[in-house]
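Given next are the chains, with one letter for each unit.
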Amino acid sequence: MAKVPITPHLLDLVADAALRSFWRRKALARFLRRCGISQTFLAGWTEDESKRDLHYRLFPEIERSDHGPAVITKMANSLAEQESFPDLENWEDSAGKKRDALAAVRGLKDYLRKANEEATEAKEREETKKRAREARQKVNERRQSLEKLSAGLNKLAAAIGTQDAGYRFQDWFYDLVDYFEVISRRPYWVEGRQIDGSITVDGTTYLNELKFTQEQASAPDIDIFYRKVQSKADNTMGIMVSMSGYSTVAIEAASGPKTPLLLVDYSHLYLLLSGSMTLEEMVKRMRRHSSQTGQAYLAVKDFGG
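Residues numbered from 1 in each chain as written. Predicted model: local features only at pLDDT ≥ 70, side-chain atom pairs only at ≥ 80, totals over all residues. Heavy atoms only, no water.

Time to look at the packing of helix α6 (residues 94-157) against helix α7 (residues 163-179). Between α6 and α7, whose axes approach to 10 Å, the crossing angle comes to 165°. Between α6 and α7, the interaxial angle falls into the category roughly antiparallel. Viewed along their axes, α6 and α7 form a crossing whose handedness is left-handed. Residues Arg142, Ser145, Leu146, Leu149, Gly152, Leu153 and Leu156 of α6 form the contact with α7, whose participating residues are Ala165, Arg168, Phe169, Trp172, Asp175, Leu176 and Tyr179. Residues of the contact of α6 with α7, tallied by class, amount to 9 nonpolar, 2 polar and 3 charged. (Axes fitted to C-alpha atoms, helices over the stretch in contact; angles between N-to-C directions. Helix = DSSP H or I, 4+ residues; strand = E, 2+ residues; numbered from the N terminus. Parallel < 35°, antiparallel > 145°, perpendicular 65-115°, else oblique. Left-handed = near helix turned anticlockwise from the far one by under 90°. Contact = heavy atoms within 4.5 Å. Nonpolar A, V, L, I, M, F, W, Y, C, P; charged D, E, K, R; others polar.)

Below, the structure is given as structure tokens:
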């Protein structure tokens, strides 16, 4: 339930409902004590002070208290929940007293319902605005991250072919993988051979081969990587990333029925950096094409087909 604001009208409704619901002083005092009014204050209620006069003195005290809103809210909810009025029984005019109390409680209940609806709507509007702000901030942060990754790749491209740039490209690639929140393992060594890491998409693990050379990947490069992939578990596949692309012979060598390889080049990387597609979506699209055609390479321009 949303927090209902304490307004002068609410205070009047609470006071009226309390006065009409409890006719005996002891019953009213017991109700007030249970709602949080101190015994010290109630002890100052003299015999010559009417219930209404007590309220005139009580409510300013409540409003000044730090706990005032909580006390008023508890009083309001307790009064509004009433379905019977035991303190109004056995009076000569009990029927009239209960009718007046019921009307006062109904007025309070209607006010609380409407106020709660308005408070809930206001809260929902604020939450919607907050979610929109957070979404915009997240989009902005992701856009900035992509821009940073794009700038990093452009800077690396100036040194393509050098050993240092090759190592830094590995770090860059896995920063890109992390951006898309894809499960991965960074480069590691096995039996004296380096594995350029792996990613996992849809439960399939893809070994990675990262080439940041000025020359296109060749058929011998494909053969070596193919053997690495084949030496792993049956559900293991491979993704080669060659910044300079592939020779026609290399693409032919990687392709064939049930090929375990997918070939990625610079155009695929810049597709990801444009924000047009996620890494997971791209891998799924390329694997679907490979399953249907046996082709390991799918040019970006053909993604729509």
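All right, on to the side chain of Ser94 then. You can see Ser94 is positioned in helix α6. Apart from the residues lying within four places of it in its own chain, the contact partners of Ser94 are Leu88 and Glu89.

Residue placement: Ser244 occurs in the loop between β6 (237-242) and α9 (248-254). Residues Ser244 and Leu272 lie 28 residues apart in sequence; the distance between their C-alpha atoms is 17 Å. Here Ser244 is in contact with Ile160, Thr213, Gln214, Glu215 and Gln216, once residues within four sequence places are set aside.

Think of an α-helix as turning once every 3.6 residues; residues three or four places apart then point the same way. For helix α8 (residues 219-230), with 12 residues, the first-to-last C-alpha span of 16 Å sits near the 16 Å given by 1.5 Å per residue. Turning to α8, its buried residues number three or more, namely Ala219, Ile222, Phe225, Lys228 and Val229. Here the buried face of α8 lies against β3 (193-195), β5 (204-211), β6, α9 and β7 (261-265). (Expected span 1.5 Å × (residues − 1). Buried < 20%, exposed > 50% of the residue type's maximum accessible area, 1.4 Å probe, protein only.)

Time to look at the sheet that holds strand β4 (residues 198-201). What the 5 strands build is an open sheet, ordered β1-β4-β5-β6-β7; its pairing is mixed. Only two strands of the sheet have a single neighbouring strand rather than two, namely β1 (183-185) and β7. Adjacent strand axes in the sheet meet at a mean angle of 25° when their direction is disregarded. Judged from the 3 bridges that link them, β1 and β4 form a sheet pairing that is antiparallel. By the bridge assignment, Ile183 is partnered in β4 with Thr200. Against the sheet, α7 engages β1, β4, β5 and β6, with an angle of about 145° to β5. (Pairing = 2+ DSSP bridges.)

None of the figures reported here should be taken as evidence of function without further support.
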